[in-house]
Amino acid sequence: MVTNPVHGLPFLPGSSFTDSTKTAFHRSQTLGYRNGYAVVRRPTVGIGGDRLHYNQLSQAELDELANKAPILTYGPPKQAPPSEFIPAHVAFDKKVLKFNAYFQEDVPMSTEEHYRIRQVNIYYYLEDDSMSVIEPVVENSGIPQGKLIKRQRLAKNDVGDHYHWKDLNRGINITIYGKTFRIVDCDRFTQEFLESQGIELNPPEKMALDPYTELRKEPVRKYVTPSDFDQLKQFLTFDKQVLRFYAIWDDTDNLFGECRHYIIHYYLMDDTVEIREVHERNNGRDPFPLLMNRQRMPKILVENAKNFPQCVLEISDQEVLEWYTAKDFIVGKPLTILGRTFFIYDCDPFTRQYYKDKFGMPDLPRIDVSKREPPPVKQELPPYNGYGLIEDSAQNCFALIPKAPRKDIIKMLVNDNKVLRYLAKLESPIPEDKDRRFVFSYFLATDMISIFEPPVRNSGIIGGKFLGRTKVVKPFSLVDNPVYYGPGDFFIGAVIEVFGHRFVILDTDEYVLKYMESNASQYSPEALASIQNRIRKQDALTQDVPAQDAPVPESENKQAMEESKAQDLDTLIDTIQMHLKDHSCKDNLRETFQIYDKEDSGFVDKETFFKVCDTLNIPVDDSLIKELIRMCTHGEGKINYYNFVRAFSN
């Protein structure tokens, strides 16, 4: 290393020399460790211990370090949080500056005007600095108006700068695409916004007026027409004023006719009439909008014009004495047009107001023309033919496919399997019918009656089913309103007439007695008295029997049945085997009775008999079984079970 320790010598080539006494040429240590962490140190001396000037701190840096003592002690101060950034499209959304302006347009090809003043509105959109120019539309101006310049950023000069809201003010001219617009005023929002931004607005100016438009505002020259009727005046006065009427054409009197709706328009400007059809959805008609084009309608023709070929030539004033006018269209009156009679039933509010002002008519009420449905035809049933029940026959008149009449489900569920059985005889002058006995079964669930005649051997009469289940009508009841027999009509001694046959009730089973006791309100006092007499007589007959083997009479008519008991027992057993098949084949029935019959006499007492029947589920409440028990009873409380078991054997 070459140094110049002598400060008086210039540092020039050849004037410097090395220090020959220097023996240490090592580099200074720049890496150290403190508390186990590597610490980098800036070298202050070079090789051989020479001082490095570029790594030394200047006096200014030392002063700055002295001033930063608090920062080194407490750390750098916390900066204030930056303000939230709001983009322009959010801050200025839907904020638009509006300026009123105009521009002048030359009119070279006109002798009445040389230039034209066109008023416009300039809109400045703050969200994206775009602008648009819109000219308000004036009706019948003949000038294409509306949006002159669509929304975009507009160039201010040739350099490429665009217009900014700072460039806009009142009383200045701006040039856009070669047209110079004069800004004369702005709205209140624009004024407040520009003033809040520190822009001083110029005073507003008056909007320039178009000379030709102002000329047109002068009153038209008045003149007197030679005619009493001024067609031009009518046109200018009643232009776009139309009377609207709602009418119908009722053609239902003709074959395939119908009622159709129409709208009649009467144009006040030229007294013409137009008829339009009212189409409904899916009405099956072609969608022709007009029934009659707009034209004048003649009301009264000249006598010579009746044979005029109207379909060839148009009708002129010479062929018409009177035309239809507004006074002929009145709500609530018919009107004949081209051979069709229309009935006007309503009009719109403008038409009502016109008739009130013009003719002094009050508010015309709307007439209801809706077709009212005829009253329903009362269904009358044909006379009853006598077949089946009247309820079943009536179903043929209600529907093509008859349905079963409704049943009382609650009554059927409550009275299911409840049957009242009675013993009856036939009241007939024929001697052979005096000994015939019948079993009436009244089904409480359906109020039907079935009659069964137990067959009697060698009687010459075939027994079995005498009447199937059906409702029986009381005699002398009306055919259209029949009255059927009910439970209250059956009691001992009652006469029941079934399709011309008269029956007398002789006896009932135990279930009927219990039912009459629980439903005493359904029966007449005569019926309740007959049951009391029957119980009283049965008790008296039971006490008066002297012999042990004498049969127990059920009633005075049962004595006749006991005389032929041996003869009828086999027939009754055959009937029971035919109708009570579910209780057949009781093989252990005889053995059970023999267990209780210690003396092997063939008889058991009533208590033991009914106990065995209850154990083996024998239906002792059935009328046939009760008749069999009655025929097998001997003496007081003794029942011959040998004959009873025969009915349940194979």
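Quick caveat: nothing in here was measured; it's all calculated off a predicted structure.

Q: Help me understand the overall build of the chain, please; the structure alone is not making it clear to me.
A: Along the chain, the regular secondary structure elements total 17 helices and 25 strands. Counting across all 650 residues of the chain, residues that qualify as buried make up 31%. Across the chain, every contact between residues at least 6 apart in sequence was considered, and the portion connecting residues at least 24 apart equals 49%. Of the accessible surface of the chain, which amounts to about 44,700 Å², a share of 53% is contributed by carbon and sulfur atoms.

Q: Would you take a moment to explain the sheet that holds strand 19 (residues 448-453) for this structure?
A: By definition, the strands of a sheet pair up through backbone hydrogen bonds, in either a parallel or an antiparallel sense. Read from one edge to the other, the open sheet built from six strands follows the order 20-19-18-17-22-21, with strand pairing classed as antiparallel. A single partner strand is all that each edge strand has here, and the edge strands are strand 20 (464-470) and strand 21 (495-498). Pairwise comparison of adjacent strand axes, ignoring direction, gives a mean angle of 30° for this sheet. As judged from the five bridges shared by strand 17 (residues 419-426) and strand 22 (residues 501-508), these two strands associate in the antiparallel manner. Looking at strand 22, one finds that Y422 is bridged to T508. Along the sheet, helix 10 (residues 510-518) contacts strand 17 and strand 22; its crossing angle with strand 17, the most-contacted strand, is approximately 115°.

Q: Is there a simple way to explain the pattern of salt bridges in this structure?
A: Side-chain pairing between opposite charges can occur once the charged atoms of the two side chains come close. Counted under the stated rule, the structure contains 25 salt bridges. In this structure, the salt-bridge partner of R285 is E258, at a minimum N-O distance of 1.8 Å. One end of the pair, R285, is in the loop between strand 11 (272-277) and strand 12 (290-295); the other, E258, is in the loop between strand 9 (242-250) and strand 10 (259-267), and 27 residues separate them in sequence. For R285, a relative accessible area of 38% gives the class partly exposed. Here E258 falls in the partly exposed class, since its relative accessible area comes to 32%. When the shortest N-O distance is used, the salt bridge between R294 and D270 registers 3.2 Å. In this pair, R294 is assigned in strand 12 and D270 in the loop between strand 10 and strand 11, connecting sequence segments 24 residues apart. Relative accessible area serves as the criterion here: at 37%, R294 is assigned to the partly exposed category. Salt bridges sharing partners connect three or more residues here, namely E105, E113, R116, R118 and E135.

Q: What should I look at first to understand the nonpolar core in this one?
A: The nonpolar side chains of a soluble globular protein tend to be buried with one another. Ranked by internal contacts, the top residues of the largest apolar core, which has 28 residues, are Y422, F440 and F490. Where this core is concerned, the elements lending two or more residues are strand 17, strand 18 (437-443), strand 19, strand 21, strand 22, helix 10 and helix 11 (525-543). In this structure, F440 is in contact with L420, R421, Y422, A424, I449, S450, I451, F490, I496, V498 and F503, ignoring residues within four places of it in sequence.

Q: How should the confidence of the model for the chain be read in this particular structure?
A: Reading fine detail from the predicted coordinates is not recommended where pLDDT is low. Per-residue confidence for the chain gives a mean pLDDT of 81; residues scoring 70 or more make up 85%. Within the model, the stretch residues 545-564 combines pLDDT values under 50 with 30 contacts to residues more than four positions away or in other chains.

Q: What is the right way to look at the environment of E274 in this model?
A: Here E274 shows up in strand 11. Residues E274 and M292 lie 18 residues apart in sequence; the distance between their C-alpha atoms is 5.8 Å. Excluding anything up to four places from it in sequence, E274 contacts I263, I264, H265, Y267, L290, M292, N293 and R294. A distance of 3.2 Å separates polar atoms of two side chains, one belonging to E274 and the other to Y267.

Q: Hey, could you run me through the packing of aromatic side chains in this one?
A: We describe a pair of aromatic rings using the distance from one ring centre to the other and the angle between the two ring planes. Counted by the stated rule, this structure contains 22 aromatic pairs. Ring geometry for Y324 against F329: centres 6.2 Å apart, planes inclined by 55°, an arrangement best described as tilted. You can call Y324 buried: its relative accessible area is 9%. Ring-pair connections join several aromatic residues into one group, and the members of that group are Y422, F438, F440, Y442, F466, Y485, F490 and F503. Residue placement shows R340 over the ring face of W249; its charged tip is 4.1 Å from the ring centre.

Q: I would appreciate a short explanation of unusual backbone geometry in the present structure.
A: Excluding glycine, residues mostly have negative phi values, and the peptide bonds linking residues are mostly trans. In this structure, K240 is a non-glycine residue whose phi angle is positive, near 65°. Of note, F476 is a non-glycine position whose phi angle comes to about 65°, a positive value. The topology assignment puts F476 in the loop between strand 20 and strand 21.

Q: Explain the pairing of strand 8 (residues 179-186) to me, please; I cannot follow it from the model alone.
A: On a regular strand, one side chain projects to one face of the sheet and the next to the other, so that they alternate. As judged from the four bridges shared by strand 3 (residues 96-106) and strand 8, these two strands associate in the antiparallel manner. Bridge pairing in strand 8 places A101 opposite I183. Taken together, the five bridges between strand 7 (residues 172-176) and strand 8 define a ladder with antiparallel strand orientation. Within the sheet, the bridge partner assigned to N173 lies in strand 8 and is R182. Turn length for the strand 7-strand 8 hairpin, with the two strands adjacent in sequence and antiparallel, is two residues, and the turn residue Y177 shows positive phi of about 55°.

Q: Help me understand the sheet that holds strand 5 (residues 130-135), please; the structure alone is not making it clear to me.
A: Spatially, six strands are ordered 6-5-4-3-8-7 in an open sheet, and the strand pairing comes out antiparallel. Two strands close off the open sheet at either side, each with one partner strand: strand 6 (146-152) and strand 7. In this sheet, neighbouring strand axes are inclined to one another by 30° on average, regardless of whether the strands run parallel or antiparallel. Sitting on the sheet, helix 4 (residues 188-196) is in contact with strand 3 and strand 8, with an inclination near 110° to strand 3.

Q: Would you explain helix 8 (residues 390-398) in this entry?
A: Every α-helical turn comprises 3.6 residues, leaving residues that sit three or four positions apart pointing alike. Within the span of helix 8, buried status applies to I390, A394 and Q395. Buried residues in helix 8, looked at end-on, bunch into an arc of 150°, giving them a common side.

Q: Would you take a moment to explain a nonpolar patch on the surface for this structure?
A: Residues L31, Y33 and V40 make up a contiguous nonpolar surface patch of roughly 370 Å² in combined accessible area. Relative to the assigned elements, V40 resides in strand 2 (residues 37-40). Taking relative accessible area as the criterion, V40 reaches 70% and is therefore assigned exposed.

About the criteria used
- Residues numbered from 1 in each chain as written.
- Predicted model: local features only at pLDDT ≥ 70, side-chain atom pairs only at ≥ 80, totals over all residues.
- Heavy atoms only, no water.
- Helix = DSSP H or I, 4+ residues; strand = E, 2+ residues; numbered from the N terminus.
- Buried < 20%, exposed > 50% of the residue type's maximum accessible area, 1.4 Å probe, protein only.
- Contact = heavy atoms within 4.5 Å.
- Areas by Shrake-Rupley, 256 points an atom, 1.4 Å probe, with all protein chains shown as cover.
- Pairing = 2+ DSSP bridges.
- Axes fitted to C-alpha atoms, helices over the stretch in contact; angles between N-to-C directions.
- Salt bridge = Lys/Arg side-chain N within 4 Å of Asp/Glu carboxyl O.
- Core = buried A, V, L, I, M, F, W, Y, C linked by side-chain atoms within 4.5 Å.
- pLDDT = per-residue confidence, 0-100.
- Polar contact = N/O pair within 3.5 Å; in protein donor to acceptor, adjacent residues only side chain to side chain.
- Phe/Tyr/Trp six-rings, centres within 6.5 Å; stacked < 30°, edge-to-face > 60°.
- Lys NZ or Arg CZ within 6 Å of the ring centre and 35° of its normal.
- Arc of directions from axis to C-beta.
- Patch = residues over 30% accessible without salt bridge, like charges linked within 9 Å, V, L, I, M, F, W, Y side chains within 5 Å.

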